[in-house]
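Notes for the structure review
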Amino acid sequence: IMRKLIVFLVIVAGLCTALQLKGQEAAEEGLYRSLNGRMNVTRQDVVVKVDPGIKMMLGRLDSVYVHSGPFAMGKLKFESFDCSLSGIRFNPLDSLAGQRLYIGSAETGSVQAVISPSDLQSYLQSRTDKISDAVVTFEDDSVHIKGKVRLGNIFTATTDITGNFVIDGTRLKFAPSHIGIEGAGKSYGTDNIGAVDIFDFDNFPFGIVPQKVEIKNNLLIIHGQVQ
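Keep in mind that this is a model prediction, so the values were computed, not measured.

Here is what the cut-offs are and how they apply
Residues numbered from 1 in each chain as written. Predicted model: local features only at pLDDT ≥ 70, side-chain atom pairs only at ≥ 80, totals over all residues. Heavy atoms only, no water. Helix = DSSP H or I, 4+ residues; strand = E, 2+ residues; numbered from the N terminus. Buried < 20%, exposed > 50% of the residue type's maximum accessible area, 1.4 Å probe, protein only. Contact = heavy atoms within 4.5 Å. Areas by Shrake-Rupley, 256 points an atom, 1.4 Å probe, with all protein chains shown as cover. Salt bridge = Lys/Arg side-chain N within 4 Å of Asp/Glu carboxyl O. Phe/Tyr/Trp six-rings, centres within 6.5 Å; stacked < 30°, edge-to-face > 60°. Pairing = 2+ DSSP bridges. Arc of directions from axis to C-beta. Patch = residues over 30% accessible without salt bridge, like charges linked within 9 Å, V, L, I, M, F, W, Y side chains within 5 Å.

**Side note on the overall build of the protein**
Broken down by element type, the protein carries three helices and 14 strands. Counting over 227 residues, the protein shows a buried share of 38%. Considering only contacts in the protein between residues 6 or more positions apart, those separated by 24 or more positions represent 47%. Approximately 13,000 Å² of the protein is accessible, and the part contributed by carbon and sulfur atoms is 52%.

Pasting the structure below:
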């Protein structure tokens, strides 16, 4: 019995040493494989910390950091994405079987997704056939969308929409504050407008919940946290 116990302890010690030396590297590789194809990540863009390494056997990691360059989710293109998580739980058996790291939850975390005016403009043009030649510009905390609309299939008018981006649950929305239309020598305007869905983060990796939107350095920046 003593000999079997010693052999068992040696095996456990060897496993702990292997996990300590190679555990983080294996977790990084697994997470990279999970994100590669969905985001624009390189192997160096994925950093995992776990100490001691044996915690991986329990499905736990200390922290995860991910950076992604430009990538698309559906028709919307993001300029960049940064995510920092801590207190991560995952299913080690599923991850081992699939050779990918499937994160289940995190105690804390913050994310930042960035969209450029040109990418937002392309997205809006793909989402609507009511506004043609749309041009999107950011000014302070407001967004301006200028383009052309057909009125009653009779003539073309110029429209100028001013508004802000807001968060509603997991959705990013555009809330117009004023719509102005000029055509045939006349001007029209209205302030009674509802918000329009832009993007739903519900299917984003890591269970992201957007919290705040800001415009900075001519970029639309979405800040959020993990569920």
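Picking up after the structure, the text goes on.
**Focus: the pattern of salt bridges**
Counting across every chain of the model gives eight salt bridges. A salt bridge links Lys173 to Asp168; the shortest N-O distance between them is 3.0 Å. Note on Lys173: relative accessible area 16%, which makes it buried. It is possible to trace a salt-bridge network through shared partners that takes in Asp168, Arg171, Lys173, Asp197 and Asp200.

**Side note on the packing of aromatic side chains**
In total, this model carries six aromatic pairs according to the counting rule given. Ring geometry for Phe71 versus Phe78: centroids 5.3 Å apart, planes at 15 degrees, classification stacked. For the pair Phe71 and Phe78, one class covers both residues: buried. Taking the centre distance of 5.0 Å and the plane angle of 85 degrees together, the rings of Phe199 and Phe201 count as edge-to-face.

**Brief notes about the pairing of strand β8 (residues 142-151)**
Sheet analysis places strand β7 (residues 132-139) next to β8, joined by six bridges and oriented antiparallel. Across the sheet, residue Glu139 finds its bridge partner in β8, namely Ser142. Between β7 and β8, which pair antiparallel in sequence order, lie two residues; one of them, Asp140, sits at a positive phi of approximately 55 degrees.

**Digging into unusual backbone geometry**
With a phi close to 50 degrees, Asn217 is a non-glycine residue in the positive phi region. With respect to the helices and strands, Asn217 occurs in the loop between β13 (208-216) and β14 (219-226). One non-glycine residue with positive phi stands out, namely Asn218, at about 60 degrees. As for its placement among the helices and strands, Asn218 is situated in the loop between β13 and β14. Exposure remark for Asn218: the relative accessible area of 45% places this residue in the partly exposed category.

**Section: helix α3 (residues 117-127)**
Each α-helix winds once per 3.6 residues, and so residues spaced three or four apart point in a common direction. Inspection of α3 places Pro117, Asp119, Leu120, Tyr123 and Leu124 among the buried residues, and these make up the whole buried set. Buried residues of α3 fall within an arc of 160 degrees about the axis and therefore sit on the same side.

**Quick word on a nonpolar patch on the surface**
Taken together, Ile54, Met57 and Leu58 make up a surface patch of nonpolar side chains, about 290 Å² in accessible area. Relative to the elements of secondary structure, Met57 occurs in the loop between β1 (46-49) and β2 (60-68).

**Details of the pairing of strand β6 (residues 103-115)**
Both strand β5 (residues 80-90) and β6 contribute to a ladder of 10 bridges, which runs antiparallel. Across the sheet, Ser86 pairs through a bridge with Thr108, a residue of β6. Across six bridges, the pairing between β6 and β14 is antiparallel. Across the sheet, Val114 pairs through a bridge with Ile221, a residue of β14.

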